Amino acid sequence: MRPAGDLFIVSSPSGAGKTTLIRRILADPVFAGSIHFSVSHTTRAPRPGEVHGREYHFVSPEEFESLVSRDGFLEHAVYDGHRYGTSRGEVEPRMAAGIDVLLDIDVQGARQVRSRMPDVVKVFVFPPSRQVLEARLEARGHNSPDSIVRRLAAAAREMGEFGEYDYAIINDVLDAAVDELRSIVVARRSSRRRRQERLEAILRTFPA
Ligand code: ADP
Ligand code: 5GP
């Protein structure tokens, strides 16, 4: 049986670049078939270009609540007035099959996951500065001026929680940041737990 995959949380203030980083990891042939992006449920409306089932499962507040009441979420939280949650179905079967799972979730969700799964690897993505974060939010063009002001205010609060994370990536030069995230995933694959069976098989080739 394959050892279980690992779980990675990637958090950042909105606009710091976690979606971009995760997309690059998912597109990397090195990880083909061995990593899964957990598609969250949300009650917010899709943005232009977002596809149901790809960026999010876009659901009504009633559908979301029904999953909560059936204990269908590993974690869930409210962000900017909308509900977001990671369904167990996105995560547990994949990990059991030996596949690594990436979660793009906020600090509230990260805390809930860690209390249930202490081995989770938590990565925080920082923008290089407030000015750059604001410029990226504006350039992305998805958020109204009001929502940008709210996201910048939330950013300071969110970044103050970086002490709860294992790794900090500063997303300045994109290729360098992608390399760092890739290295974190690869390093985890070399952990003793993931290698246990192969190591034992190697040891068996050495006569006592
Ligand atoms: P998040 O998922 O954290 O909200 P996104 O991945 O949507 O952030 O990135 C926000 C914007 O910044 C996007 O327009 C993206 O193309 C851009 N961006 C991301 N990383 C970089 C980078 N290292 N340099 C320049 N622009 C970037
Ligand atoms: P956005 O609306 O910009 O896609 O996401 C807003 C925030 O919600 C981001 O910080 C993102 O990481 C977070 N988020 C997305 N999905 C989930 C989820 O399933 N659970 C939690 N707790 N946060 C989520």
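Our subject is the structure listed above.
Residues numbered from 1 in each chain as written. Chains lettered and ligands numbered in written order. Predicted model: local features only at pLDDT ≥ 70, side-chain atom pairs only at ≥ 80, totals over all residues. Heavy atoms only, no water.

## Structural notes on the site of ligand 1
Move 1: Close to ligand 1 lie 14 residues, the nearest being G15, T19, T20, R140 and N171.
Move 2: Within the side chain of S12, one N or O atom sits 3.3 Å away from an oxygen atom of ligand 1.
Move 3: The backbone of D172 places a nitrogen or oxygen atom 2.9 Å from a nitrogen atom of ligand 1.
Move 4: Within the complex, the protein chains bury 75% of what would otherwise be the 570 Å² of accessible surface of ligand 1.
Move 5: Elements with a contribution of two residues or more to the shell around ligand 1: helix 1 (18-26) and helix 5 (130-140).
Move 6: For the shell around ligand 1, the leading source of residues is helix 1, giving 3 residues.
Move 7: Taken together, the residues of the shell around ligand 1 break down into 3 nonpolar, 7 polar and 4 charged. (Near = heavy atom within 4 Å. Polar contact = N/O pair within 3.5 Å; in protein donor to acceptor, adjacent residues only side chain to side chain. Areas by Shrake-Rupley, 256 points an atom, 1.4 Å probe, with all protein chains shown as cover. Helix = DSSP H or I, 4+ residues; strand = E, 2+ residues; numbered from the N terminus. Nonpolar A, V, L, I, M, F, W, Y, C, P; charged D, E, K, R; others polar.)

## Some words on a nonpolar patch on the surface
Move 1: Taken together, the side chains of L199, I202 and F206 present a nonpolar region at the surface, about 300 Å² in accessible area.
Move 2: Here L199 is to be found in helix 8 (residues 192-204). (Patch = residues over 30% accessible without salt bridge, like charges linked within 9 Å, V, L, I, M, F, W, Y side chains within 5 Å. Salt bridge = Lys/Arg side-chain N within 4 Å of Asp/Glu carboxyl O.)

## Observations concerning the environment of Q196
Move 1: Locating Q196 in the fold gives a position in helix 8.
Move 2: The exposure class assigned to Q196 is partly exposed, which follows from its relative accessible area of 35%.
Move 3: Each C-alpha atom of the pair Q196 and Q112 lies 28 Å from the other, and the pair is 84 residues apart in sequence.
Move 4: At 2.9 Å, the side chain of Q196 and the side chain of E200 are in polar contact. (Buried < 20%, exposed > 50% of the residue type's maximum accessible area, 1.4 Å probe, protein only.)

## Observations regarding the pairing of strand 1 (residues 7-11)
Move 1: Across the 5 residues of strand 1, 5 count as buried, placing the element largely inside the fold.
Move 2: Where burial is concerned, the two faces of strand 1 agree: the one with L7, I9 and S11 and the one with F8 and V10 are both buried.
Move 3: The sheet contact formed by strand 1 and strand 7 (residues 100-104) spans 4 bridges and is parallel. By the bridge assignment, I9 is partnered in strand 7 with L103.
Move 4: Of the strand pairs in this sheet, strand 1 and strand 8 (residues 121-126) are connected by 4 bridges, and their pairing is parallel. The residue bridging S11 from the neighbouring strand is F124, located in strand 8. (Pairing = 2+ DSSP bridges.)

## Examining the pattern of salt bridges
Where charged atoms from two side chains of opposite charge come close, those side chains can pair.
Move 1: A full pass over the atoms with the stated rule returns 21 salt bridges.
Move 2: Across the pair E55 and R54 runs a salt bridge whose closest N-O atoms are separated by 3.0 Å.
Move 3: Taking the relative accessible area as the measure of exposure, E55 reaches 13% and is therefore buried.
Move 4: Given the relative accessible area of 48%, R54 is considered partly exposed.
Move 5: A salt bridge links D80 to R151; its shortest N-O distance comes to 3.7 Å. With D80 in the loop between strand 5 (73-79) and strand 6 (82-87) and R151 in helix 6 (residues 145-159), this residue pair connects regions lying 71 residues apart in the sequence.
Move 6: Judged by relative accessible area, D80 falls into the partly exposed class, the value being 27%.

Honestly, it's all geometry; don't read function into it.
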